[in-house]
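# A structural walkthrough
One-letter residues, chain by chain:
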Amino acid sequence: MSKPATSDPVRGTPVTGASSDSRFGALREQLADAATAFADSPDALTGILAGLVDDVDHALGEELEIFPVCHHSPSSALAMARRLRDKQPKVIYLELCEDMQPLLTELRNCELPVALQAFASDLDGFPAGAGPLSVIAPITEASAEYQAIAYALETPGVELLLVDRSTDHVFQWQSDDRTDPTTAANGDDEPAQQDQQQDQQGQAGGEDDEKALHGDAVGVGIGDLRPGFAELEAYLLHHGKVRHWSEWWDQYVEQPLIGADHDTYRQVMVMIGSLFRRLRPSDAARLDRDEDRERYMWTRMREHLAASGADPADCLYVCGAFHAASRVEQFGVRSTAPFEITARTGTKWRYGLIPSSHSAIEAQFGLAGGTVSIAASTWRKALTGSKVTPYRLAGQQGGRKSSARKPKAAARPTAGGTAAAAAPGDDRLSGFLAAPSRPGELDEAELRGWSVDIVRLARRNGYLASTADAIAVFETAVLLAGMRNRRRPTPYDFADAAVTCIEKDVVPGRRDVRRLCEIMFGGDRIGRVGYDALPPLARDVYDRLAPLGLDPKRRTVQRALLDLHGQPELRPCSDLLWMLRRLLPPEVVRPIMGERRLGEQSVQESWDVAIGRHQRSIIELGYEGVTIEQVLEQRLRRAAWDPQATAAHALAAVEDSLLFLSNRRLTDELGARAVQLLAAERTADGAPEVLHRIRQLLAYYRTSGEPELPAWCQDFVSTGYAHYCTLLPTAFIDDETGLRQVAAMLGFLMTMESVAMALGCDRTQLELAVRQSHPEAPAKIALHWAAQSQLGQLPLAELRDRCADLLASPLTVGAFPHYLSGFVQALEPVPTLAPFVVEVLSAAFGQLPDPVLLPWLPSLITTLREQAGELVPILVREAGRTFPASLPALDSWTPPWAAAAPTGTRTGLQNGVPGGGTAPAAEAARYAMSGPAPELLAEYPLAAAAVADLLGCAADPVGAAAAAPSALGDPAVADLLERFPASAAGVAAHVGLVPAAG
């Protein structure tokens, strides 16, 4: 993009060679004399003051009439309405993003305030990770841009053209060193947030969603005027006796200009724009961007004039006062300076209208809380006093229809209150600057009404306010206005007085007094986009939720009750609500009763629906597709094919596709993607989530009536088995791989071993992986022992001996909590190890002396809580089955492991014969006889004896019990039951069954 050299006047250099016989020659001389009299170095000040006058003269001398405005300014809106009726322009050039023009006609279907939005999530030509990108242009009724739009759309033969850079160029022109392009950095787009936090601290949390209606979008505001020179702003606030910039602007610009004639208004606004332009800090990149915008707009206007042949005298250029004082070479319709406009990127932008609010505008543009509400109140009051009929779009919701053409109004009063006597274009600036301020007299009726209303509103919100507080507020407001040199209290003075007199100690409710004052002055008016202006997806959502009887216009939370058993026709509504729950923020739709999981559906559901309050979320969802199903499918694909996606992310997408879409083709594609991602992973970081999700999916397919597992699921299990076997030896010794990840890998390998074997995997691969693992950390060592025990590589007797040695050695007993955490994590791959862990814990707590037990007890608790919190309940349940249920029974209770162990066996810390151990039969008996099985066999021994006799074994209850499962399929079982009917009757009685007669 070509950038011509910028002239010195724009960058604050004094302008020389100005004609002294211009319309502002006398004013220039007065300012020069004042600079000489009051400044230590008058040259610099003279240059600035003379430059202001020359900027005004330069802007007013342009053939194409420039109308400077301030964003959401009642005085600008009133002056615009007057000028449109007087001039009746045929072409209006408006400072807004040119690609937003098709949205303007949809404003008829909305209730202001709303915002024009351009949105992009799939970026092409911008840095990766910069999206989504969004640009917001809010529109309120008390704004000059709305008056211009309404006039152009309602007056036949009038053409409206947006001339500002496109949305794509907004982000193209950001600085190259910026990594987050979602915040603008130019004159009209930058949200000035220096005092935003301190001005809005008192607002209640209940209004946060209204303030966040615009999100983090870039704001494109017409004429957002605020001094970029911090010292100047601080000086103005201090000497104006105000707290923030919004109050200063209302007191010293809005109110004096509300009744000014057209020429006075133009000259004052251009002068203010020039002042702020010249006193900005030296920021070359920011200034270049501002000047490029001005070059862009003037280039577009000259192109249109050349193509249409329109007369510049019949045109009107509406822009911010900051840009009205421009000195770029392309300024003016007669300029021939070229400017190259770069092409847009390949990003596909979506456009629409979203609801806005007063607080959202204040939050985005750094205005004080209540500023826009006070501006709306000032606008309504000014319309009543000036008898000006504003322009409104036909059919505009929330407003009345007005005629497009009205008779020209009579002469407007000047700032001093008299009719304009000078010819158009004469110096009105000198008189305005020289005339003293003439604030209105105290309106006691108005102030009395405010005082009564705020007390009434405060009582409704929990304050103990009374008539005495109303009187105090009245008197305090008058006192504050007098202290600030004001004859009439402003709304800001009144709010300060109300806070002082009513908010004594604490806020009883969710709104403080300052927030109540904002509500009283007009409230946080929230706009709404009409049905016809909604994107197709949003209208489809509204139509599909119609059977529930919800009113989409209501901003309150609505309750929806769905009896899916009695009214099966509501099932599509339920499916839609669950999809909205998946795609939208959690506060939009929230389930109160009912859930949706794999293989399960609720019979009854209850929902809290707040679509009317969060209309913006539905609208932005419509930028991504035509139906909700299409958007969900796109997001699932995007999540699975994201460069940072893992196998766990793909499995989550598979689960969502099964829950919401029932699209077998999509599910198979996502599953195949999960197999690819799993095979490409080089670490085990996602192993716990992978194990959890694949278990759920396998359980779902096994119970869904499928004849076999899907092909992708079979590939995932076989690929995962080989993959984790390969990673296992490295994971055991890698310090970066956590214990939970290694346990999840073992859980995948051991709990899915049967499925993997059926798919052709080799168990030898797992055995070799475990044998090749040589961990060093205590927790991983214990986990390795558990894996060896499960595979038969480590007898349980030897495992018990190793634990006994750990507890007996003073060198290792301090690290025993870490070994125990490894055993607890081993319950994931080896759940049958729970009795052994209970045994080891019981032996340690029962036999370790207090000097040894107490030091590592806190470490044990914290280790279990951090690393195995979800597995501790398994130990608790096992302990509940093992230990007696009553305290008296504990005295005579013998642990099962002690009762089953022979005399020479080492149990816990009891040493038997050195090197001795429990016999294999006794070991089998110790675990086979735990639980309710030994009680049943002890009470009915004939069953065990009968099985032993059938199998030709010795009459050993333990051996019989161990061999019983192998005889379940033998044909001789029927003969066995006939020979021993007492056993069958005993079992039936034990389980609560009544044996058949005979």
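Residues numbered from 1 in each chain as written. Predicted model: local features only at pLDDT ≥ 70, side-chain atom pairs only at ≥ 80, totals over all residues. Heavy atoms only, no water.

### Here we look at the overall build of the protein
- Helices and strands together make up the secondary structure of the protein, namely 44 helices and 13 strands.
- Contacts in the protein between residues far apart in sequence, at least 24 positions, make up 77% of those at least 6 positions apart.
- Entry remark: accessible area of the protein is about 44000 Å², with carbon and sulfur atoms responsible for 54%. (Helix = DSSP H or I, 4+ residues; strand = E, 2+ residues; numbered from the N terminus. Contact = heavy atoms within 4.5 Å. Areas by Shrake-Rupley, 256 points an atom, 1.4 Å probe, with all protein chains shown as cover.)

### Here we look at unusual backbone geometry
- Following Leu112, the chain continues into Pro113 via a peptide bond in cis, with omega recorded as 5°.
- Mapped onto the elements, Pro113 comes out in the loop between strand E3 (110-111) and strand E4 (114-120).
- Phi at Gln88 is positive, roughly 50°, even though this residue is not glycine.
- Within the secondary structure, Gln88 is located in the loop between helix H3 (74-87) and strand E2 (91-97).
- Despite not being glycine, Ser662 has its phi angle at roughly 55°, a positive value.
- A relative accessible area of 67% places Ser662 in the exposed class. (Buried < 20%, exposed > 50% of the residue type's maximum accessible area, 1.4 Å probe, protein only.)

### A short note on the confidence of the model for the protein
- The predicted model of the protein averages 78 in pLDDT, with 76% of residues at 70 or higher.
- Confidence over residues 1-21 falls short of pLDDT 50; this stretch has 45 contacts with residues more than four positions distant or in other chains.
- A low-confidence stretch, residues 993-998 stays under pLDDT 50, and its non-local contacts, those more than four residues away or across chains, total two contacts. (pLDDT = per-residue confidence, 0-100.)

### Considerations on the sheet that holds strand E8 (residues 315-320)
- The four strands are arranged E1-E8-E2-E6 in an open sheet whose pairing can be described as parallel. Of all strands in the sheet, those bounded by a partner on one side alone are strand E1 (65-69) and strand E6 (159-164). Averaged over all adjacent pairs, the angle separating strand axes in this sheet is 30°, with direction ignored.
- In terms of strand pairing, E2 meets E8 through four bridges, oriented parallel. By the bridge assignment, Val91 is partnered in E8 with Cys315.
- Along the sheet, helix H4 (residues 144-154) makes contact with E1, E2 and E6, crossing E2 at roughly 135°. (Pairing = 2+ DSSP bridges. Axes fitted to C-alpha atoms, helices over the stretch in contact; angles between N-to-C directions.)

### Structural notes on the pattern of salt bridges
- Under the definition given, this model contains 46 salt bridges.
- Residues Glu629 and Arg544 are paired through a salt bridge, measuring 2.8 Å at the closest nitrogen-oxygen approach. Of this pair, Glu629 sits in helix H23 (residues 628-640) while Arg544 is found in helix H20 (residues 536-544), placing the two residues 85 residues apart along the sequence.
- Using a relative accessible area of 27% as the deciding quantity, one classes Glu629 as partly exposed.
- The residue Asp575 makes a salt bridge to Arg596 at a minimum N-O spacing of 2.8 Å. Residue Asp575 is found in helix H21 (residues 571-583), and its partner Arg596 is found in the loop between strand E12 (589-593) and strand E13 (604-609); the two are separated by 21 residues along the sequence.
- Connected via shared salt-bridge partners are Glu95, Asp164, Arg165 and Arg293. (Salt bridge = Lys/Arg side-chain N within 4 Å of Asp/Glu carboxyl O.)

### A short note on the packing of aromatic side chains
- By the definition in use, this model includes 17 aromatic pairs.
- Ring plane angle 75° and centroid distance 4.7 Å describe the contact between Trp578 and Trp607, whose orientation is recorded as edge-to-face. Here Trp607 lies in strand E13 and Trp578 lies in helix H21, a separation of 29 residues in the sequence.
- On the basis of relative accessibility, which here comes to 9%, the residue Trp578 falls in the buried class.
- Owing to a relative accessible area of 0%, Trp607 belongs among the buried residues under this scheme.
- Clustering of aromatic rings is evident, with ring pairs tying together Phe126, Phe171 and Trp349.
- Over the aromatic face of Tyr391 sits the side chain of Arg85, whose NZ or CZ is 4.0 Å from the ring centroid. (Phe/Tyr/Trp six-rings, centres within 6.5 Å; stacked < 30°, edge-to-face > 60°. Lys NZ or Arg CZ within 6 Å of the ring centre and 35° of its normal.)

### A closer look at the nonpolar core
- Tyr93, Leu116, Tyr317, Leu580, Phe716, Leu728 and Leu833 are the most contacted members of the largest nonpolar core, which has 217 residues in total.
- Considering each element in turn, this core owes the most residues, eleven residues, to helix H27 (residues 711-733).
- Dropping the residues within four chain positions of it, Tyr93 is found in contact with Leu64, Leu161, Val163, Met301, His304, Leu305, Cys315, Leu316, Tyr317 and Val318.
- Among the nonpolar cores identified, the runner-up in size contains 26 residues, and Val455, Ala458, Ala498 and Cys501 belong to it. (Core = buried A, V, L, I, M, F, W, Y, C linked by side-chain atoms within 4.5 Å.)

### Description of the packing of helix H31 (residues 778-790) against helix H33 (residues 816-825)
- Contact geometry of H31 with H33 gives a least axis separation of 7 Å together with a crossing angle of 40°. Relative to H33, the element H31 is oriented oblique. Classified by chirality, the crossing of H33 by H31 is right-handed. Only His818, Tyr819, Ser821, Gly822, Phe823 and Gln825 of H33 make contact with H31, whose side of the interface consists of Pro778, Ala779, Ile781, Ala782, Leu783 and Trp785.
- Partitioned by chemical class, the residues of the contact of H31 with H33 number eight nonpolar, four polar and no charged. (Parallel < 35°, antiparallel > 145°, perpendicular 65-115°, else oblique. Left-handed = near helix turned anticlockwise from the far one by under 90°. Nonpolar A, V, L, I, M, F, W, Y, C, P; charged D, E, K, R; others polar.)

### Digging into helix H18 (residues 491-502)
- Compared with an ideal rise of 1.5 Å per residue, which puts twelve residues at 16 Å, H18 spans 16 Å between its outermost C-alpha atoms and is within 8% of the ideal.
- Where burial is concerned, most of H18 is hidden: ten out of the twelve residues are buried.
- Within H18, burial applies to Pro491, Tyr492, Asp493, Phe494, Ala495, Asp496, Ala497, Ala498, Cys501 and Ile502. (Expected span 1.5 Å × (residues − 1).)

### Things to note about the pairing of E13
- Summarising burial for E13: five of the six residues are buried, a large majority.
- Bridge analysis of strand E11 (residues 558-563) against E13 gives six bridges, and the strand direction is antiparallel. Counted as the bridge partner of Arg559 is Asp608 from E13.
- When E12 meets E13, the two strands line up antiparallel, connected through four bridges.

### Focus: the environment of Leu84
- In this fold, Leu84 is placed in helix H3.
- Here Leu84 falls in the buried class, since its relative accessible area comes to 0%.
- Taking the C-alpha atoms as reference points, Leu84 and Tyr151, 67 residues apart in sequence, are found 7.6 Å from one another.
- Those residues in contact with Leu84 that sit more than four places away from it in its chain are Pro89, Ile92, Gln147, Ala148, Tyr151, Leu316 and Tyr391.

### What about the pairing of E1?
- Counting buried positions along E1 gives five out of five residues, so the element sits mostly inside the fold.
- The two faces of E1 match: Glu65, Phe67 and Val69 on one face and Ile66 and Pro68 on the other face are all buried.
- Note: E1 against E8, five bridges, orientation parallel. In the sheet register, Val69 faces E8, and the bridge partner there is Gly320.

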